[in-house]
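Listed below, chain by chain, are the residues.
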Amino acid sequence: MNSEILNILKRETQQRIWFISDLQQSIPDNARYCMEAAVKDFHELGRDCDKIIYLGDAVEGYRLGFLEEMLKMQVDQLGRLDTPIRYVIGNHAFDYYYHNQKELDRVVLPFYERVKELDNWTTSKNLKEFYSIEDFGDYAIVYFDDHAALDGSWFTRGGRIHGDEDIYPYDKKTYELIREEIASLKKPVFTASHYAFPGGNRESGILEKVMPLPDNVKIHFYGHAHIGDRKWAGKDCFRKISWVDDHDIQQINVASLENMRGSAIRSVFFETYEDGRYGILFRNHTLRRWDEIYLI
């Protein structure tokens, strides 16, 4: 039945996005194994995408040589797919700065700064940018990134503000303006962040301030809470679909591309169809199978 449904959906697909997240590794060989397994499976599925959205934590750690090795490997592997990539900043992007800030005179995020220079990658325009909007024609995606003052006086990490909260530039008025801008798009909007809104796994206190979300927000995609990771995600570690608290908005857990904390190499395909439906296809790259198909 799954194969039959997927074949029908494939013929009706208007746009397709591949959501990936959380390759973060301390063992380069295993990171390469996970990425190569995902990219090979992607190729063999024959479900080419219009966009890849990388929801953060591409790297982990603060050894510069290791970070550069991880960067090169991922750029090479994802480059084989010849698909534009949007990289969202998550908490582990700050590892290098967090552990070396006494020796640095500004915030340095090696992965972010490198992919920002690449033609096929996009990310936030500057480190202070909290959110951005990308238009996809029939719908739009709003990205929420971790962000920082260039001098390191404040930065966000793990869903909260570090440093001097008194000079953090975003306040209640900012969040009201974000809601107004999203509502003014007058089309379906999907949101994407490294973190969940309240109601999801390992929720973000900063994203909570954006609530209540406008009615045209339909789905939120996030990473951070690796599926199967009992240590950090707790009792809900296998939950892939939840709702934003007090909203009829689904939250989709994308994590993770790694298989050490998570229970498998995982990703999510998001498809839009001719009749107005949306498809969430949960891919298990370890077992090379679709774990679930969710249609909205």
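Along each chain, the written sequence defines residue order, and numbers are assigned to residues from 1. Side-chain atom pairs in this predicted model are given and counted only at pLDDT of 80 or more, local residue features only at pLDDT of at least 70, and totals for whole chains, interfaces and linings cover all residues. By convention in this description, side-chain values take in all heavy atoms of the structure and omit both hydrogens and water.

(A) Representation of the sheet that holds strand β13 (residues 266–273) in the model. At least two DSSP bridges between two strands are needed for those strands to be called paired. Strands here mean DSSP runs of E at least two residues long; helices mean DSSP runs of H or I at least four residues long; both are numbered from the N terminus. Spatially, seven strands are ordered β4-β3-β2-β1-β13-β14-β15 in an open sheet, and the strand pairing comes out mixed. Single-partner strands in this sheet number two, and they are β4 (121–122) and β15 (289–295). When β13 meets strand β14 (residues 278–284), the two strands line up antiparallel, connected through seven bridges. Its bridge partner lying in β14, T272 is registered against Y278. Here helix α1 (residues 2–12) sits on the sheet and contacts β1 (13–20), β13, β14 and β15; the angle it forms with β1, its principal contact strand, is near 115°. The contact criterion used throughout is that any non-hydrogen atoms of two residues lie within 4.5 Å. Think of each axis as a best-fit line through the C-alpha atoms, taken over the contacting stretch in the case of a helix, with angles from 0 to 180 degrees between the N-to-C directions. The sheet strands contacting helix α2 (residues 28–45) are β1, β2 (51–54), β13, β14 and β15, and the helix crosses β14 at an angle near 130°.

(B) Structural context of the packing of aromatic side chains. What counts as a ring pair is set by centres within 6.5 Å for rings of Phe, Tyr and Trp (its six-membered ring), and what kind of pair is set by the plane angle: stacked under 30 degrees, edge-to-face over 60, tilted for all other angles. Applying the stated criterion across every chain, the model contains 24 aromatic pairs. Geometrically, the ring pair formed by Y97 and F155 is edge-to-face, given 5.7 Å between the ring centres and 90° between the ring planes. Taken together, the residues span a long stretch of sequence, with Y97 in helix α4 (residues 95–100) and F155 in strand β7 (residues 154–157) at a distance of 58 residues. For the pair formed by Y97 and F155, the shared burial category is buried. Judged by centre distance (5.4 Å) and plane angle (75°), the rings of Y168 and Y170 are edge-to-face. Members of the aromatic cluster, connected to one another through ring pairs, are F19, F136, Y139, F190, F221, F270 and Y278. Note on classification: 1.4 Å probe, protein chains only; a residue is buried when its accessible area is under 20% of the maximum for its type, exposed when over 50%, partly exposed between these limits.

(C) Representation of the pairing of β1. Most of β1 sits inside the fold, with six of its eight residues counted as buried. As defined by bridge partners, β1 adjoins β13 across six bridges and the pair is classed as antiparallel. Bridging across to β13, F19 finds its partner in V268. Alignment of β1 against β2, held across four bridges, turns out to be parallel. Its bridge partner being in β2, I20 is matched across the sheet by Y54. As for the winding sense of the linkage, the β-α-β connection from β1 through α2 to β2 is right-handed. When the strands point away from the viewer and the path from the first strand over the helix to the second turns clockwise, the crossover is right-handed.

(D) Layout of the packing of α2 against helix α3 (residues 64–79). At their nearest, the axes of α2 and α3 sit 10 Å apart, and the two run at 15° to each other. Taken together, α2 and α3 sit at an angle that is classed as roughly parallel. Crossing handedness for the pair α2 and α3: right-handed. Contacts between α2 and α3 involve P28, A31, R32, M35, E36 and V39 from the first element and F66, E69, M70, M73, Q74, Q77 and L78 from the second. Residues belonging to the contact of α2 with α3 are distributed by class as follows: eight nonpolar, two polar and three charged. Should an angle fall under 35 degrees it is called roughly parallel, over 145 degrees roughly antiparallel, and 65 to 115 degrees roughly perpendicular, with every other angle called oblique. Helix crossings are classified by the rotation of the near helix relative to the far one: an anticlockwise turn of less than a right angle makes the crossing left-handed, while a clockwise turn makes it right-handed. Under this grouping Gly is polar, as are all residues other than the nonpolar Ala, Val, Leu, Ile, Met, Phe, Trp, Tyr, Cys and Pro and the charged Asp, Glu, Lys and Arg.

(E) Region of interest: unusual backbone geometry. Residue P212 is reached from M211 by a cis peptide bond, and omega for that bond is 5°. As for its placement among the helices and strands, P212 is situated in the loop between α7 (205–208) and β10 (217–222). Look at the link from A255 to S256: it is a cis peptide, with omega at 10°. Along the chain, the position of S256 falls in the loop between β12 (250–253) and β13. Non-glycine residue D22 carries a positive phi angle of around 60°. For D22, the location among the structural elements is in the loop between β1 and α2. Of the residues examined, D22 reaches a relative accessible area of 0% and is grouped as buried. Notably, H224 is not glycine yet its phi reads approximately 75°, a positive angle. Examined against the element boundaries, H224 turns out to sit in the loop between β10 and α8 (230–233).

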